[in-house]
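Reading the structure
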Amino acid sequence: MLKASALNEQWEAQTHGQDILTLMQADEALRIAQAVGEVLDEPDAGELIRRMTKSDMNLSTRQPSQGKDALWELDLLKFLRSHKVAARLQEPPDIALDLPDGLGSYGIACKKLYSEDSLETPLRKGYQQLGRMGHPGLVAFNLDDLTPQRSILVHHTAEDVGDFLHQRNVDFIHRHEAELQRAVMQGRCDGVLFATTVQADIQEMSPRFNRFAEYMLWTVAQAPESTRRRLESLHGLIASNK
């Protein structure tokens, strides 16, 4: 933490001694530690943590890794719990929670994409996991590895970063809308969650170096009423505890 603090001071001062790659790696280590710390005492997390300790966890590169797959599950679990959603690890799918108003158990199958060409297979595996659970749910895709490797996003404000990542997610959906719609309309899943996390130089913030995550929940406009009710309930749980 001291090293990360010193590097951030160098970033702020715009000195020649700054080591941005080391700052990025320090932030990656913090991200991993925060995710693991969320579940350190939970027996169901043992396999995920083991996969992370035995894998290449360099988040700035774009190589597939079982450890990075596991981190996405823990990242999403941490995100949900930070919004007071009582989510839990479960196999299958990956995460489960209980919706209010008698809507019952709900599953989330977590998939990390390393190439746009590979969406169909993980989407199918995701809704098959939901099928084995026997309850409705959604497939959650992490898109971090579709961004340029070893890069920092530069914008003036946090709102600019959010708008940029939101548009990336929207564009991704448009490119794959047919297969996503088919999965929902066939009742395979209620919808899809997309998340992209980047490291950013936000020029009007202090400190300027930040980690920024954008989440988007999507479904088909013509989805059945029961599907919309469940997603509205999930969205309400998250939005009420920002």
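Overview of the structure.

Cut-offs used in this document
- Residues numbered from 1 in each chain as written.
- Predicted model: local features only at pLDDT ≥ 70, side-chain atom pairs only at ≥ 80, totals over all residues.
- Heavy atoms only, no water.
- Helix = DSSP H or I, 4+ residues; strand = E, 2+ residues; numbered from the N terminus.
- Rg over C-alpha atoms; globule rule 2.2 N^0.38 Å.
- Buried < 20%, exposed > 50% of the residue type's maximum accessible area, 1.4 Å probe, protein only.
- Contact = heavy atoms within 4.5 Å.
- Areas by Shrake-Rupley, 256 points an atom, 1.4 Å probe, with all protein chains shown as cover.
- Lys, Arg positive; Asp, Glu negative; His and termini not counted.
- Charge placed at Lys NZ, Arg CZ, Asp CG, Glu CD.
- Core = buried A, V, L, I, M, F, W, Y, C linked by side-chain atoms within 4.5 Å.
- Axes fitted to C-alpha atoms, helices over the stretch in contact; angles between N-to-C directions.
- Parallel < 35°, antiparallel > 145°, perpendicular 65-115°, else oblique.
- Left-handed = near helix turned anticlockwise from the far one by under 90°.
- Nonpolar A, V, L, I, M, F, W, Y, C, P; charged D, E, K, R; others polar.
- Phe/Tyr/Trp six-rings, centres within 6.5 Å; stacked < 30°, edge-to-face > 60°.
- Pairing = 2+ DSSP bridges.
- Right-handed = clockwise from strand over helix to strand, strands pointing away.

**Describing the overall build of the protein**
Broken down by element type, the protein carries 8 helices and 7 strands. In terms of overall dimensions, the protein is globule-like: its C-alpha atoms have a radius of gyration of 18 Å, near the 18 Å expected for 242 residues. For the protein, the spread of C-alpha atoms along the three principal axes comes to 55 × 40 × 35 Å. Residues classed as buried in the protein amount to 48% of the 242 residues present. Considering only contacts within the protein whose residues lie at least 6 apart along the sequence, 63% involve residues at least 24 apart. Accessible surface computed for the protein: about 12,000 Å², of which carbon and sulfur atoms make up 49%. Charge-centre separation for the protein: the mean point of 27 positive side chains lies 5 Å from the mean point of 35 negative side chains.

**As for the nonpolar core**
Among the nonpolar cores identified, the biggest contains 34 residues, and L76, L80, I95 and I108 are the most heavily contacted of them. Among the secondary structure elements, those contributing two or more residues to this core are α2 (20–39), α3 (46–53), α4 (66–82), β2 (95–99), β3 (104–112), β4 (137–142), β6 (192–202) and α8 (225–239). If one sorts the elements of this core by residue count, α4 sits on top with 8 residues. What I95 contacts, discounting residues up to four positions off in sequence, is E73, L76, L77, L80, A87, R88, L89, Q90, Y106, G107, I108 and C110. Within the second largest apolar cluster, 22 residues are counted, among which are A109, L119, Y127 and F141.

**With respect to the packing of α2 against α4**
When two helices pack together, their arrangement is given by the angle between the helix axes and by the axis-to-axis distance. At a closest axis distance of 9 Å, the pairing of α2 and α4 adopts a crossing angle of 70°. Between α2 and α4, the angle is such that the two are roughly perpendicular. Both α2 and α4 take part in a crossing whose hand is left-handed. Contacts between α2 and α4 involve R31, I32, Q34, A35, V36, E38 and V39 from the former and L71, L74, D75, L77, K78 and R81 from the latter. Its residues assigned to classes, the contact of α2 with α4 comprises 7 nonpolar, 1 polar and 5 charged.

**Considerations on the packing of aromatic side chains**
The geometry of an aromatic ring pair comes down to the distance between the two centres and the angle between the two planes. As enumerated under the stated definition, the model contains 4 aromatic pairs in all. Between the aromatic rings of F172 and F194, the centroid separation amounts to 5.5 Å while the plane-to-plane angle is 65°, which identifies the pairing as edge-to-face. Taken together, the residues F172 in helix α6 (residues 158–175) and F194 in strand β6 connect sequence positions 22 residues apart. The buried category is assigned to F172, whose relative accessible area is 2%.

**A short note on the pairing of β4**
Burial of β4 is extensive: 6 of the 6 residues sit out of reach of the surface. Here β3 pairs with β4 via 6 bridges, running parallel. Bridge assignment links A109 to a residue of β4, and that residue is V139. For the segment spanning β3, helix α5 (residues 120–133) and β4, crossover handedness is right-handed. When β4 meets β6, the two strands line up parallel, connected through 4 bridges. If you follow N142 over to β6, its bridge partner there is A195.

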